[in-house]
Amino acid sequence: MKQWILNKSEYDLLMAVRKARRFPIARFELHCSQEPELRITALNHVCLTSPEDSMEAVKARAAVLESLQKKGLVRISYSLPAYVQSDYRIFYQSQIYELLCHTAMEAQGQPDFLFDLPAMRFGQVFPL
């Protein structure tokens, strides 16, 4: 088994994943109302501790999750056969999702902007 040296952020997040019964995350996307197959990822591996989490904190946690995944310590999946709706309430209440919705609303009606529908893909992090 490989041994990895973890920084404090990696260690703390890995321990949180291991202790959690479920560790929900989300991918914030923008979809195109004109072409349903067109979509882009606005923010990947969103892990929230509070609805008021800043963009910087969310991006930092996403980077830590990505690092843990690359090290083979966690598995990130957005292919959930079922999920607990209450686990994801915080994402809908977050300032980050509100920003995504405002971005999509501003795009609506703009002829040169394709991505005008906010969307969320639910996921989970699993310890390995």
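It should be emphasised that the depicted structure is a prediction, and the values quoted were computed from it without experimental measurement. (Residues numbered from 1 in each chain as written. Predicted model: local features only at pLDDT ≥ 70, side-chain atom pairs only at ≥ 80, totals over all residues. Heavy atoms only, no water.)

## Let's talk about the pattern of salt bridges
And then number 1: Tallying each qualifying case throughout the model produces five salt bridges.
And then number 2: Here Lys71 and Glu10 are joined by a salt bridge, their closest N and O atoms 3.0 Å apart. With Lys71 in the loop between helix 2 (55–70) and strand 3 (74–77) and Glu10 in helix 1 (residues 8–19), this residue pair connects regions lying 61 residues apart in the sequence.
And then number 3: Between Arg61 and Asp53 there is a salt bridge, with its nearest N and O atoms 3.0 Å apart. Taken as a pair, Arg61 and Asp53 share a single burial class, namely buried. (Salt bridge = Lys/Arg side-chain N within 4 Å of Asp/Glu carboxyl O. Helix = DSSP H or I, 4+ residues; strand = E, 2+ residues; numbered from the N terminus. Buried < 20%, exposed > 50% of the residue type's maximum accessible area, 1.4 Å probe, protein only.)

## Concerning the packing of helix 1 against helix 2
And then number 1: Contact geometry for helix 1 and helix 2: axes closest at 10 Å, N-to-C directions at 80°. By the angle between their axes, helix 1 is roughly perpendicular relative to helix 2. Residue-level inspection shows Ser9, Glu10, Leu13 and Leu14 of helix 1 in contact with helix 2, the latter providing Arg61, Val64, Leu65, Ser67 and Leu68.
And then number 2: Its residues assigned to classes, the contact of helix 1 with helix 2 shows five nonpolar, two polar and two charged. (Axes fitted to C-alpha atoms, helices over the stretch in contact; angles between N-to-C directions. Parallel < 35°, antiparallel > 145°, perpendicular 65-115°, else oblique. Contact = heavy atoms within 4.5 Å. Nonpolar A, V, L, I, M, F, W, Y, C, P; charged D, E, K, R; others polar.)

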